[in-house]
Each structure stands twice: as structure tokens, then as C-alpha cells.
Amino acid sequence: MKYTIENISFIVGGKILQNRHETVIEHLLIDSRKVYSPASTVFFALRGPRRNGHQFIPELYKKGVKKFIISERIKDGDFADANFILVNDTLESLQRLTAFHRKQFNIPVIGITGSNGKTIVKEWLYQLLHEKFNIVRSPKSYNSQIGVPLSVWQINSHHELAIFEAGISEPGEMERLEKIIQPTIGILTNIGEAHSENFINREEKLNEKLKLFTHANKVISKGDDAWITRQMLRAGVNNFFWGRNKSSDLQIISVERKASETEITLSYKSEPLTFSIPFIDDASIENAVSCCSLMIVAGIDRNYIQEKMQELQAVTMRLELIKGINHCSLINDSYSADLSSLTIALNFLDQQSAGSKRTVILSDFLQTGLNEKKLYEEISSLLNAHHINQVIAIGKSIGRYLRINDGAVYQFYDTTEEFLQQFRFSQFREEAILVKGARIFGFERIVHALEQKVHQTVLEINLNAIVHNLKEHQRFLEPSTNVMAMVKAFAYGSGGAEIAGILQYHKVDYLGVAYADEGVELRKAGINLPVMVLNSEESTFDAIVENNLEPDIYSFELLEQFDIFLKRSGFQKYPIHIEVETGLNRLGFTVYEIGRLGHTLNQTDSFEVRSVFSHLASSEDESQDGFTLEQYKKFLEASDDLEKTIGYRVVKHIANSAAIIRHPQLQMDMVRLGIGMYGVDAANTNLVELQTVATLKSTVAQIKHLKAGESVSYNRKGVVKRDSMIATIRIGYADGYSRRLGNGVGKMLVNGQLAPVIGTVCMDMTMIDVTDIASVNEGDEVIVFGSDLTIQQIAEWAGTIPYEIMTGISQRVKRVYFEE
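The model shown is predicted, which means the values in this text are computed figures rather than measured ones.

(A) How the structure looks around the overall build of the protein. From N to C terminus, the protein includes 26 helices and 39 strands. When the backbone C-alpha atoms are referred to their principal axes, the protein occupies close to 105 × 70 × 65 Å. For the protein, buried positions account for 55% of its 820 residues. Within the protein, contacts between residues separated by at least 24 positions form 65% of all contacts whose residues are at least 6 apart in sequence. As displayed, the protein offers around 36100 Å² of accessible surface, 46% of which is attributable to carbon and sulfur atoms. Once the 87 positive and 101 negative side-chain charges of the protein are each reduced to a mean point, those two points are 7 Å apart.

This is the structure in C-alpha cells:
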């Protein structure tokens, strides 16, 4: 049927105020931001608590919309060639129009309602039946008083089957939705506490939902709840029950969960029906049996049912299991918050956690109809029963009443925004996370923050490798020798707070940073280990003292400045570290100044020397071993002299990563472990089995096929000598990929094969020649460096050292931390 202003006015019982153009109407519009075909669109000026659609009419008129259904009179002269229909209630008119539209089609219509599972059942039915029928279905979760009309309006003459959801929150709503959907087959998923606030009791809520099936030929529901079964029988609907009850039309005989699938055996009319689904949680099993029941009612062949059930795919809405950051499993149930669905979701969490840490992120539970204290007592009981390790509660009410078992971590935030502002990437690692919240809290933003991002440049940090490399170096140390782990320069580009956290857990003795602001960040991240600041300066004294950081003092000027600051601030015996210059000739007191230094220290109460140290210039170089040992001799004499002068013993340290391995006799009281901890054997000794910590990955953005003689990148320095396939990679010098690696110097790994860089490295992109590599596609992963293409090799190509490559990775490159 073609709709015009005249027949729409007749259908909705309106009055035409102005009719300038009698054009066909194809699209219904309620959102002024979503104008796609203005000439064939009619706008319903809905009135809401904060927005009145009538105020957007001038804007829409300018965009080309000329047909409006209104409930308030407007100035006709402002819209000379527009069409207006005046009605009492624009929402009621929208519903009346779409109810009329539904009556024009004589096709099977499935109406689905219930507290949970509506969208999954709808989407799974589509997956199961779309090969047999041309199906129209509700977009996303369009199940409201507005969503249902917009869904039903989609029906056209090509459709053979319709599947629509219906959701309600108060009495009187379902009767209106029934007139719009007019289902021939109904599915009741379950009855929970969601949106119970406006119902007197569970019975009223169920009876309201059953109104959807007033004229349905058959209604499918679970038959194991005797109360629901009685209510449905009293309602007089033609029921089809499924469940374990022997009286069910479709009886569940057995449910056998396996590693990644569930085998379900049913009995219908005394004949068995067995199929498998690729899910193991209770929610999926119930939804699958509902879908199977529908197909049986529809007369679908059993063999078809068995085949298609095994092909079911996860629906990216309810109880969505996705890969999270730092090797977490993420369960997205960010659409609802009620007790019934929480129980199902926690069961799903049990199935997926496999003994790992369990975290639940919950919002306030709204519109349950329960007393808040009792509600959150039940929620607490559920969380405790499922042995949740960490609960993050968001909302005004949940924080007041939730009570968690001792030993569980509990965090509380008033709003989602507050949580996101304090979100730390490293807070979640190797755990199963359930995100469950009422829609109003917008938990999809939390899911977005927690989900693993793909198709972008990332630096993967293997925390297990950090620990392994630490222990490898500790093999060369005496049990009494302490370790200062160097996390300067953002932990050599790997992420200071994240690396420091794992080092603190594994009980290193000290941390070393380059500047005070790095130490401040560690304190903010909850790191409480002693922290030495190597490059102290007067402007940072406040931050150093405020955060209990320990400065390296390397000159008399700096010593005097800090002494004055401490006296003015009222501090005594503040811990400091003394740097001695023995041959690097960078910073530090010379060996000839040690006597004076000792006397100066004795004249003030401001300081307590925690350690004295020096830097080796070339401990990794065998040809410089004589110089290294001479440095050690100078340092030993200087440190001994200082101890004698100040009258107490201090910690001494000079050995770095290479010296730990090559010069174990230099370990003294403490060693400073730096690049070796990050997987680089700076001395190439082959005496230590280090693991790769950092893997820099990107992806292929585009592939181009060039003819011989064509050039690549700026300055046309990269010219192909044959017909070539060139891949553009999402990394450039702004990400830390050196321009020195351009023009064939550097290479990247694609499908396990080396591909040379062609042309100059750009700010955000680098091109590589993949002509000789089979099956390269856009989106493929590319390894810039890692275990198979070492950072040492990249450094050699670039004519530099691994330190520069590691610390040069830009902060815009996302760090992904994981443990194996």
C-alpha cells in the first residue's frame, strides 16, 4: 500500500491543516538528526520529558522534510510548502499507523517478550531461519512503545516471516504493542525482576506480558515453573511448554556440557532429538531450546534443526564473551540489571573463568520493585556464592548496601564517568570480567575501555618475561645482594607503573627512575618500594619529598640546594644517594672530592646516605675489562673513604645488567638491573636465557600494485625495479619507527617472512615490499620487532642501540600487558 498525507490522516484520525504536495511516504522519522530521504519522510513530533519534537520542525524543514504529524498548532506561514496533520497524541498516531500497516500482511509473526533473552532469541531465530525465509526483525533491541512501531513499519511485500521483541515497564503498555505486532506465534523467555517497579506483584507483571499473546495461535514458554504454567493456562492461550517436566510438550532429557559445546537431547512426541550448540552456559541452553521449540511448532525438519543449531553464533548484545585487555575474558551484559539475569550471567562467568580471578562490574539495579536493602542483600549473596574476587560497584545505591566476603576487593564509584576517569589499563590482567549494568549507566563505554583493540599498532609487554629475566640475572647474585630495577624512561618504553607493579609483587628491593615525575607516577599507581631519582634538580624537591622519593646527589651545588630546602621544610635525616664519578665522566663527585663531601655531610642533620654508587662505562665490552676493573677499584676506595668519614655503613652498587653476568665479583651490596630485565643481553654473552619482553605489532592498512619504475613515499627515493606489491603499515616515525630504517635498511615480518621497507618512513605510515610473500591481505598482522625479529637487529639496522629503539616507542602506541 502507498501512504500519502490523506490516507495517513484517515488512518490516525487526524486533521489535515496543510497539504501542499501529495507524495508517497516511505519513511517514519522521530529523530531530527537522522534524516536520510527527506522527500519521502514524515516526521512525528513526539513530546518527551525533556524534548519536544515540535521545536525541531524548522530545522527539519530546512533539511527538506515537508510532511509532519503534530499535536501543537504552528504558524503555517513559516512553512509554505509543508504538509501538516494535527492529532491529539503523536505517539498514539505513530502506533495506529504501524498497527494498520501490520494488518496489510498475512505472514507468520513471532512476538517475543520476557525479562531477559529477547534479543538473543530473536537474533538466533534469524540465524536459524534466514535461509528458509525472507525475515524482517526488530533492529537491535527496538522493543519499546516507539521501537516496536519503527520495527513493524519495516515489513514489506517481500517478507515471509517477522520476528519482533516487546518490552514493557508498566501496566497498559503491552496491549498497545499487541495491536501493533499482532503475533501469530509467541515466545515467553522468562519472568524476572527487571522493570518490576510499576507492577503490584509478579502476577500482574506476567499477566501484562501475556497480553501480547491474546490472539496468538501458539505460545512457547518454559514449563518447569508451576506458577507460570498455571497462569498461562488460566490466560487461555494455546501453550507449547518445554522443560524437564515430563508433561512438557518438548521434554529435556539430558544436557551434557563439554569443553566448548553442549549436547542437548530432547523428546518430542516420544521421539528423541539431539543437537549440539557451541555454548556451555545456562542462558544459551535455555535460549537454544526456546528456538528449537519454535522450529518444531513451525514444522521445520529435524535434520535441519540439528545442522543449524551447531552453527549458532554469539550475539554481540547480551552476555557477550569477547577478548579483553591484558588477556582478560570480558562478558558484556551491559543492557540489563536484575536478579534473574544476574544469576544467569554469574553462571556464565563460572563457566568461562576456568579457575582464574573473577571480577564483576555492577551498576545500581533499577526498577526491580524490591526494597533496596533486601535487593542488595540478595545481590551480595549471589556474588559471594560465586566467589567473586573483585567487585566494582557504580551508582548511588549499590555502594550503600552491597556487602562482599572478606578477601574480595571492593571499589565504589558514583558514576560511570568517575570510574573511567580513574581507569588504569594495568588494573585488569588475566581475569574474567563480567560487566553488567542498567542501560542508563552507559556501561558500553566500560566495555569499550576493557575490550582488546584490534587492527592498530600496539606494543605487547610480556610480564612473565620480565619476571623470568629478573630471575635469570638473580642466578648470578649472592642471596644477600639486593636488586635495584631500573624503570626509567617509562620502563624503557614498556610502561613504568605496570612494570613496577609486577616487580613490586616479586619483591625487588629498589626502583630507579630518571626524573622525579616518573617517581610521582609510580606513587600514584600505588608503588611503595624505595625509589631512587637519578636526575634530581632543585625545581623537583617538593615533588621528591612529598612522594618520599630518594634523590641522587652528584654535586656540591645540588647538595647545598637540597640541604637548604630540607632545613626550610623541617626535614632531618632525609635519604639520599651519592653518585661517584669513576670514568663515565657524566655526573658525580670525583674521587678527590670524597673527603670534602664527607665533612660537608657531617656538618648537617638534613641527610642520611642510603647508598653510594657509580656507573660503569663499558662493562659489556671484553676489550675494556681492564678499564672496568679500574673503575671498580676507584669506586671501592672512594666509598670506603666516605663510610669512614661519615661514620656509618652505606649500600654500595656499581654493577649494571652486563656486569651482573660478566663481572659477578662487582655485585657488592646491590646491582642495578636495566636493559637485561627487558630481554636484551647487552654483552651478547649467551650465558643467560632471556625472554623477549616487548613485541611491536601493527597491521596492513592497504596494498597497492605498482608497475616497474613507479616510486613510493616522499622524495621518490623508493623506486620499484619490477612490478611489485607494496603494503602500507600503520606505523611511522611519530610512533617511534626511525626514519633511518627507510629505503631498504629496515625490514618487518609478514606471515613469518621479512619484507624490506621501501621509500622513506612517513610520520604515521611505512611502506614495505611484500611482492615475494604469498597471501598478504589488508588487515594482516605485521611484526616490527619481537622474538622472531629482535630489537637488537632493528637497532643494528638503524645504527643505534636497543635502548634507543625501546625508549623511542611513542606514547600514542597502545601498550598491551599480558601474562602467559
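(B) View of the pairing of strand S31 (residues 694–706). Here 4 bridges tie strand S21 (residues 458–462) to S31, and the two strands are oriented antiparallel to one another. Paired with Val458 across the two strands is Lys697, which belongs to S31. Sheet topology note: the S31/strand S38 (residues 781–785) ladder contains 4 bridges and is antiparallel. Each bridged residue has a counterpart across the sheet, and for Ser698 the counterpart in S38 is Val782. By the bridge criterion, 6 bridges tie S31 to strand S34 (residues 724–729) in an arrangement that is antiparallel. Within the sheet, the bridge partner assigned to Leu706 lies in S34 and is Ser724.

(C) Just the packing of aromatic side chains, in detail. Enumeration over the complete set of coordinates arrives at 20 aromatic pairs. Pairing Phe68 with Phe84 gives two aromatic rings, centres 5.3 Å apart and planes at 20°, and the pair type is stacked. Note that Phe68 is positioned in strand S4 (residues 67–70) and Phe84 in strand S5 (residues 83–86), a separation of 16 residues in sequence. The burial state of Phe68 is the same as that of Phe84; both residues are buried. Arranged with centres 5.2 Å apart and planes meeting at 35°, the rings of Trp124 and Phe279 form a pair that is tilted. Taken together, the residues Trp124 in helix H4 (residues 118–129) and Phe279 in the loop between strand S14 (271–277) and helix H9 (282–297) connect sequence positions 155 residues apart. Pair check on accessibility: Trp124 and Phe279 agree, each one buried. Through a chain of ring-to-ring contacts, three or more aromatic side chains come together here, namely Phe541, Phe562, Phe565, Phe571, Tyr574 and Phe607. Residue placement shows Lys66 over the ring face of Tyr61; its charged tip is 4.7 Å from the ring centre. For the cation-ring pair, Lys747 lies above Trp797, with the distance from its terminal atom to the ring centre recorded as 5.0 Å.

How each quantity is defined
Residues numbered from 1 in each chain as written. Predicted model: local features only at pLDDT ≥ 70, side-chain atom pairs only at ≥ 80, totals over all residues. Heavy atoms only, no water. Helix = DSSP H or I, 4+ residues; strand = E, 2+ residues; numbered from the N terminus. Buried < 20%, exposed > 50% of the residue type's maximum accessible area, 1.4 Å probe, protein only. Contact = heavy atoms within 4.5 Å. Areas by Shrake-Rupley, 256 points an atom, 1.4 Å probe, with all protein chains shown as cover. Lys, Arg positive; Asp, Glu negative; His and termini not counted. Charge placed at Lys NZ, Arg CZ, Asp CG, Glu CD. Pairing = 2+ DSSP bridges. Phe/Tyr/Trp six-rings, centres within 6.5 Å; stacked < 30°, edge-to-face > 60°. Lys NZ or Arg CZ within 6 Å of the ring centre and 35° of its normal.

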